[in-house]
Amino acid sequence: MMTGGKTKLHLEVLREMRSRAVLGGGQKRIDQQHARGKLTARERLGLLLDEGSFQEFGALSTHDLSAFGLDQQRFPGDGIVTGFGKVNGRRVAVFAQDFTVMGGSFSEVQSQKISRIQDLALQAGIPVIGLNDSGGARIQEGVRSLAAYGEVFVRNVMASGVIPQISVILGPCAGGAVYSPALTDFVIMAGESYMFLTGPEVIKAVTGEQVTAQDLGGSEVHIGRSGVAHLAADTEVEGLAMTKLLLSYLPQNNNEEPPHVTPEDPVNRMDEALNTLIPDGENTPYDIRDAIEAIFDQDSFFEIQAAYAANAVIGFARLDGYSIGVVANQPAFMSGALNIDASDKIARFIRVCDAFNVPIVTFVDCPGFLPGTGQEYDGIIRHGAKIIYAYCEATVPKISIVTRKAMGGAYVAMGSKQMRNDITFAWPSAQIAVMGAGAAVNVLFREEIKKAADPAAREKELLEEYREKFFNPYRAADVGQIDEVIEPRETRPRLIRALEVLRTKVQQNPPKKHGLCPV
Ligand code: HXC
């Protein structure tokens, strides 16, 4: 066969265009990106994906617009790298915004490229991971770039609950750029990234407030205060490693189970320290994470949103190699009381687990919903209802363990049997009652105490009687609300065996267009 000069020329043209595409906005811009301590879109993909697994799509696409000098700013790829690859051998769809091209600003071509991989990922049933680094809608494109966001948002929503969607924020994420991440399942912020709808300049002009980009939308804000982000990492490298770890707990799509890891931790391992974890003092705090670490497979607990609503703990862990969603009250913070933020945190996580076939294990030690005008005015009723809604709706295996207080609403809301909880265990330290002893005795016996010859002695007597009656798990076990009272050290083997039974659980909700979760 003859290899003519024309073929050689074709190949040279392609190779030349490809090497230009690899340079994004050019070497000078790449150097600037590096000088800011940031990696380029391709370097990030190189860290995320298994070596040699990346197949790119649309490397050469450009816009054909000319307004405001756009004709002088045509870069192959148009500020985004998209395609497919593998993470630990599992297929994923990826896109990475390229800040070296017009600040990663979001264009019609970017939208077409992201939409294309979103469509293919949904059809193939594989997760989408987006690496965000963008100044928002490309201003020169006007309404085209605004409409372009809509294309991505609608695909985010259609894919929601079908394939995992993870957003990693690695630079600015401004304006419309924030909403695609906000529609995805997990937002991970790394390095000097920030997210805001309107930036410091606009805020200054409109409200007169002065704030830096970091103080407005840095990871501390979104991890600790707004709850917009679920995980944060100091460096890009750590953020991308975190993304891989997160994926390892999730299935490829809602028709699959999460991957099973060969367990190294023995099923029957019992940690004696668990038997003395609950302090003698009724209100003495302890860290529920100590229980979680001791019960689940060694080093498998991966906490999510640790700094947000620390009165609740959520995260993934493994039991006998199987992925589990862990939900817990945290007695070490606000006595584990449920407030608005904790309700939102727990409810959303339950729904993620349920969507992706991850069984849920709940640890209950909660004095109830947090009292106060602030909470009531801000809608604790509406927010607390989300927990109830999410538990009732979830059809994955659900097991709860009452470690100490399960008072009132907390007992019902945190996975009671009537809310389709499959199995409930209690530790001997469990206290299951409508309310705490002091409040109950005050409501029931206020008059009697007042009239008693020795009010203080009578009150003490009544408190003791109440505690004796309700501050143990046996009454609840008698009426079938607790399936088994277990020694804390037995929790691991009991959970593993219970989940083994529930692995084939089938439960369906009535057909409907969609429920009306009190969002
Ligand atoms: C076009 C943009 C751009 C944008 C940045 N650039 N953002 N070009 N459209 N949205 C360009 C800059 O002009 C600059 O080009 C290059 O990218 C790098 O930007 P710098 O400003 O030099 O970088 P830095 O100092 O790091 O600041 C980054 C930034 C800032 C904070 C993101 O650029 C910025 O404030 N951009 C605008 C952010 C914004 O308001 N976006 C909202 C758009 S409205 P040159 O060639 O000069 O180096 C929106 C609404 C959609 O998105 C709503 C949908 C629901």
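Residues numbered from 1 in each chain as written. Predicted model: local features only at pLDDT ≥ 70, side-chain atom pairs only at ≥ 80, totals over all residues. Heavy atoms only, no water.

Looking at an unreviewed UniProt entry, the chain carries the name Methylmalonyl-CoA carboxyltransferase, with the source organism given as Rhodoferax fermentans.

Asks: Please explain the site of the ligand as it appears in this structure.
Replies: Taken together, 19 residues sit near the ligand, with Arg-29, Arg-36, Gly-135, Ala-137 and Gly-176 positioned nearest. A distance of 2.7 Å separates an oxygen atom of the ligand from a polar side-chain atom of Arg-29. Within the backbone of Ile-139, one N or O atom sits 3.1 Å away from a nitrogen atom of the ligand. Contact with the protein chains hides 57% of the accessible area of the ligand, taken as 1000 Å² for the molecule alone. Examining the composition of the shell around the ligand, we find that three residues originate from one element, helix H5 (residues 143-159), more than from any other. Considering only residue class, the shell around the ligand consists of nine nonpolar, seven polar and three charged. (Near = heavy atom within 4 Å. Polar contact = N/O pair within 3.5 Å; in protein donor to acceptor, adjacent residues only side chain to side chain. Areas by Shrake-Rupley, 256 points an atom, 1.4 Å probe, with all protein chains shown as cover. Helix = DSSP H or I, 4+ residues; strand = E, 2+ residues; numbered from the N terminus. Nonpolar A, V, L, I, M, F, W, Y, C, P; charged D, E, K, R; others polar.)

Asks: Sorry, what's going on with the UniProt feature "domain: CoA carboxyltransferase C-terminal" (unreviewed entry) in the chain here?
Replies: Following the UniProt record, the feature "domain: CoA carboxyltransferase C-terminal" (unreviewed entry) maps to residues 262-512 here. Helix makes up 38% of residues 262-512 and strand 18%. Its end C-alpha atoms lie 38 Å apart. (UniProt positions renumbered as here; feature names shortened; annotations may be inferred.)

Asks: Hey, could you run me through the domain arrangement of the chain in this one?
Replies: Segmentation of the chain into domains returns domain 1 (11-247), domain 2 (272-430 + 472-502) and domain 3 (436-470). Taking only C-alpha atoms, the centre of domain 1 and the centre of domain 3 are 61 Å apart. (Domains from an automatic or database assignment.)

Asks: When you look at the pattern of salt bridges in this model, what are you seeing that I'm missing?
Replies: It is possible for side chains of opposite charge to pair when their charged atoms get near one another. For the structure on display, the rule yields 25 salt bridges. A salt bridge links Glu-56 to Arg-42, with the shortest nitrogen-to-oxygen separation between them at 2.8 Å. Placement of the pair is Glu-56 in strand S1 (residues 55-57) and Arg-42 in helix H3 (residues 41-48), with a sequence separation of 14 residues. Residue Arg-42 is classed as partly exposed on the basis of its relative accessible area of 24%. Measuring nitrogen to oxygen at the nearest pair gives 2.9 Å for the salt bridge that ties Glu-151 to Arg-155. With Glu-151 and Arg-155 both in helix H5 and four residues apart, this pair spans about one turn of that helix. A relative accessible area of 39% means that Glu-151 is categorised as partly exposed. Residue Arg-155 is classed as partly exposed on the basis of its relative accessible area, which comes to 21%. Taken together, the shared-partner salt bridges connect Lys-38, Arg-44, Asp-133 and Glu-236 into one network. (Salt bridge = Lys/Arg side-chain N within 4 Å of Asp/Glu carboxyl O. Buried < 20%, exposed > 50% of the residue type's maximum accessible area, 1.4 Å probe, protein only.)

Asks: Quick question: what am I supposed to make of unusual backbone geometry here?
Replies: Where the residue is not glycine, phi is negative for most of them; where a peptide bond is considered, it is trans in most cases. With phi around 45°, Met-102 is a residue other than glycine that occupies positive phi space. Topologically, Met-102 is positioned in the loop between strand S3 (90-97) and helix H4 (108-124). At Gln-305, a residue that is not glycine, the phi angle is positive and equals roughly 50°. By the secondary structure assignment, Gln-305 is in the loop between strand S9 (302-304) and strand S10 (312-319). Residue classification places Gln-305 among the buried positions, given a relative accessible area of 5%.

Asks: Before we go on, may I ask you to explain the environment of Gly-79 in this structure?
Replies: As for its placement among the helices and strands, Gly-79 is situated in the loop between S1 and strand S2 (80-87). Residue Gly-79 is classed as buried on the basis of its relative accessible area of 2%. For the pair formed by Gly-79 and Glu-376, sequence separation is 297 residues and the distance between their alpha carbons is 47 Å. In this structure Gly-79 touches Ala-96, Gln-97, Asp-98, Val-101, Gly-104 and Gln-110, once residues within four positions along its chain are discounted. (Contact = heavy atoms within 4.5 Å.)

Asks: For this particular structure, what's the right way to read the UniProt feature "domain: CoA carboxyltransferase N-terminal" (unreviewed entry) in the chain?
Replies: When the UniProt feature table is mapped onto this chain, "domain: CoA carboxyltransferase N-terminal" (unreviewed entry) is found at residues 7-262. From the first C-alpha to the last, residues 7-262 spans 51 Å; its make-up is 41% helix and 18% strand.

Asks: What is the right way to read a nonpolar patch on the surface from this model?
Replies: Among the surface-exposed residues, Leu-9, Val-13, Leu-14, Met-17 and Leu-60 lie close enough to one another that they form a single nonpolar patch of about 390 Å² accessible area. Along the polypeptide, Leu-14 turns up in helix H1 (residues 5-22). Judged by relative accessible area, Leu-14 falls into the partly exposed class, the value being 35%. (Patch = residues over 30% accessible without salt bridge, like charges linked within 9 Å, V, L, I, M, F, W, Y side chains within 5 Å.)

Asks: What's the story with the packing of helix H16 (residues 437-451) against helix H17 (residues 455-470) in this structure? I'm lost.
Replies: Each pair of packed helices can be described by the angle between their axes along with the distance between the axes. Viewed as axis vectors pointing N to C, H16 and H17 meet at an angle of 140°, and their least axial separation amounts to 10 Å. Between H16 and H17, the crossing angle belongs to the class labelled oblique. Where H16 crosses over H17, the two elements pack in a sense that is right-handed. From H16, Ala-437, Gly-438, Ala-440, Val-441, Phe-445, Glu-448, Ile-449 and Lys-450 reach across to H17, where they touch Pro-455, Arg-458, Glu-459, Leu-462, Leu-463, Tyr-466 and Arg-467. Classifying every residue of the contact of H16 with H17 gives nine nonpolar, one polar and five charged. (Axes fitted to C-alpha atoms, helices over the stretch in contact; angles between N-to-C directions. Parallel < 35°, antiparallel > 145°, perpendicular 65-115°, else oblique. Left-handed = near helix turned anticlockwise from the far one by under 90°.)

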